[in-house]
Amino acid sequence: MKIVVIGGTGLIGSKLIARLTERRHEAIAASRTTGVNTLTGQGLAEVLEGAAVVVDVSNSPSFEDKAVLDFFQASTGNLLAAEAAAGVGHHVALSVVGIERLPGNGYFRAKVAQEQLIKASPIPYSIVRATQFFEFVNSIADEATHGSTVRLAPVLFQPIAANDVASVVGRTAVGAPLNGTIEIAGPRQFRFDELIRMGLRARNDPREVVADPHARYFGAELSEGALVPDSAAQLGETRFEDWLSRSTPPFPQEDPMLAEIECALHESPPLKDNEFRVADVPPGTAMLVGEVTVFNVDGAFCATQSKCTHRGGPLSKGKLDGSTVTCPFNGAQFNVCTGAVLRGPATVPLKIHRVILEGGVGRVEVEVLI
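Everything in this summary refers to the structure shown in the same document.

Definitions and limits used
- Residues numbered from 1 in each chain as written.
- Predicted model: local features only at pLDDT ≥ 70, side-chain atom pairs only at ≥ 80, totals over all residues.
- Heavy atoms only, no water.
- Helix = DSSP H or I, 4+ residues; strand = E, 2+ residues; numbered from the N terminus.
- Rg over C-alpha atoms; globule rule 2.2 N^0.38 Å.
- Buried < 20%, exposed > 50% of the residue type's maximum accessible area, 1.4 Å probe, protein only.
- 1 Å grid on protein atoms, 1.4 Å probe; cavity = no way out; pocket = protein on both sides within 12 Å on 5 of 7 lines; lining within 4 Å.
- Points joined across faces, edges and corners; volume = space filled by probe spheres on them.
- Nonpolar A, V, L, I, M, F, W, Y, C, P; charged D, E, K, R; others polar.
- Expected span 1.5 Å × (residues − 1).
- Arc of directions from axis to C-beta.
- Polar contact = N/O pair within 3.5 Å; in protein donor to acceptor, adjacent residues only side chain to side chain.
- Axes fitted to C-alpha atoms, helices over the stretch in contact; angles between N-to-C directions.
- Parallel < 35°, antiparallel > 145°, perpendicular 65-115°, else oblique.
- Left-handed = near helix turned anticlockwise from the far one by under 90°.
- Contact = heavy atoms within 4.5 Å.

## So, the overall build of the protein chain
Part 1 of the argument: Looking only at helices and strands, the protein chain has 9 helices and 24 strands in total.
Part 2 of the argument: Taken over the C-alpha trace, the protein chain has a radius of gyration of 22 Å; the compact-globule value for 370 residues is 21 Å, and the two agree within 12%.
Part 3 of the argument: Overall size of the protein chain, expressed as C-alpha extent along the three principal axes, is 70 × 45 × 40 Å.
Part 4 of the argument: Counting over 370 residues, the protein chain shows a buried share of 48%.

What follows is the structure in structure tokens.
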């Protein structure tokens, strides 16, 4: 059958396309990069022609409260209308476990609104609610970082591998519409702080993880059980420990004696909290150094405060294009060398710092320049 995957070039979408194609379905990846825009309706009628199933795994480019709500309402509304006109018989949507339990989270409120639109539509549907993905462990740690400390609520957490999500969504897409919701999660529950600590330790990340009952998760305080599914959830097969071992580059195995000699000959002093190795920040990338983000702009190093001035998005995870960084939460843009706001919703410029290079080590000056 013809199955159109909205967001088919993303993390879940690309894996889903591969699985459906392997099973000889006509799987079409629909996204802005392929000429399909659900916000404007561009390309929707053409790509949905003859489609039996539409799977929506798209995501908002901005996590700012109003922007993310506007995205899911407009995108889902346009998509459902186009599906009705094309005679699509099954709409599948990927959602999030626990969205009704965290009304203080703007993203979760937007997903609730999306689900309501789907349920009100005459098109038969299936909603797959997933817990957080293993692949976002580092992003979660970065968002919760203050200085060299990561503060997380010690509540239950049951994340799942993206591969397992794609498998369940694929099976759901080729099956009969549920006209209801299923939940999926990883095979094991952890304490939130425990899991992030494991992830950082596997990458030799020196940040300290602290259990803080009042720590916020993307703007909302967490209660026990807010992020885990009910007992009827389908469980993925991939264990977090196994995923970590596959996704973390192995340490080279060396002769212990040779390693000791090499260390004695070339040992460099340990880095201070405000220092970084230049080789670790290639052109076009960024690194979190203490409470500052360092950017390599075509070989020149600039440094700003680590978080967006609008909603605190981690700029080290934003897209860097020349000297322009885009906040991954709300789409605000800044010049990382001057701190100037280039695009809202942010209105307050970034604080910037001087970077001094000495050999292969960079040092961020604590004093704020602007």
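Next comes the rest of the account.
## Describing the layout of surface pockets
Part 1 of the argument: By volume, the second largest pocket is sized at about 970 Å³.
Part 2 of the argument: As for the second largest pocket, its lining consists of 30 residues, of which Arg207, Met287, Leu288, Val289 and Gly290 are closest to the centre.
Part 3 of the argument: Secondary structure elements with two or more residues in the lining of the second largest pocket: helix H5 (137-143), strand E15 (275-277), strand E16 (286-289) and strand E24 (361-368).
Part 4 of the argument: When residues of the lining of the second largest pocket are assigned to their parent elements, the largest contribution, 4 residues, is made by E16.
Part 5 of the argument: In terms of residue class, the lining of the second largest pocket is made up of 10 nonpolar, 8 polar and 12 charged.

## What to know about helix H3 (residues 65-86)
Part 1 of the argument: Relative to the 32 Å expected for 22 residues at 1.5 Å per residue, H3 spans 32 Å between its end C-alpha atoms, a close match to the ideal helical length.
Part 2 of the argument: By the burial criterion, the buried members of H3 are Val68, Phe71, Phe72, Ser75, Thr76, Leu79, Leu80, Ala82 and Glu83. Across the axial projection of H3, the buried residues extend over an arc of 165 degrees, all falling on one side. In H3, the exposed positions that point more than 90 degrees away from the buried face belong to Lys66 and Ala85.
Part 3 of the argument: By the N-cap criterion, in which a side-chain oxygen at the helix start approaches the backbone nitrogen of a residue two or three places on, H3 is capped by Glu64, the distance to Lys66 being 3.2 Å.

## Some points on the packing of helix H1 (residues 11-22) against helix H6 (residues 162-174)
Part 1 of the argument: Running from amino to carboxyl end, H1 crosses H6 at an angle of 55 degrees, the nearest separation of the two axes being 9 Å. When the axis of H1 is compared with that of H6, the two are oblique. In the packing of H1 onto H6, the handedness of the crossing is right-handed. On H6, the residues touching Leu11, Ile12, Lys15, Leu16, Arg19 and Leu20 of H1 are Ala162, Asn163, Val165, Ala166, Ser167, Val169, Gly170 and Val174.
Part 2 of the argument: Of the residues contributing to the contact of H1 with H6, the split by class is 9 nonpolar, 3 polar and 2 charged.

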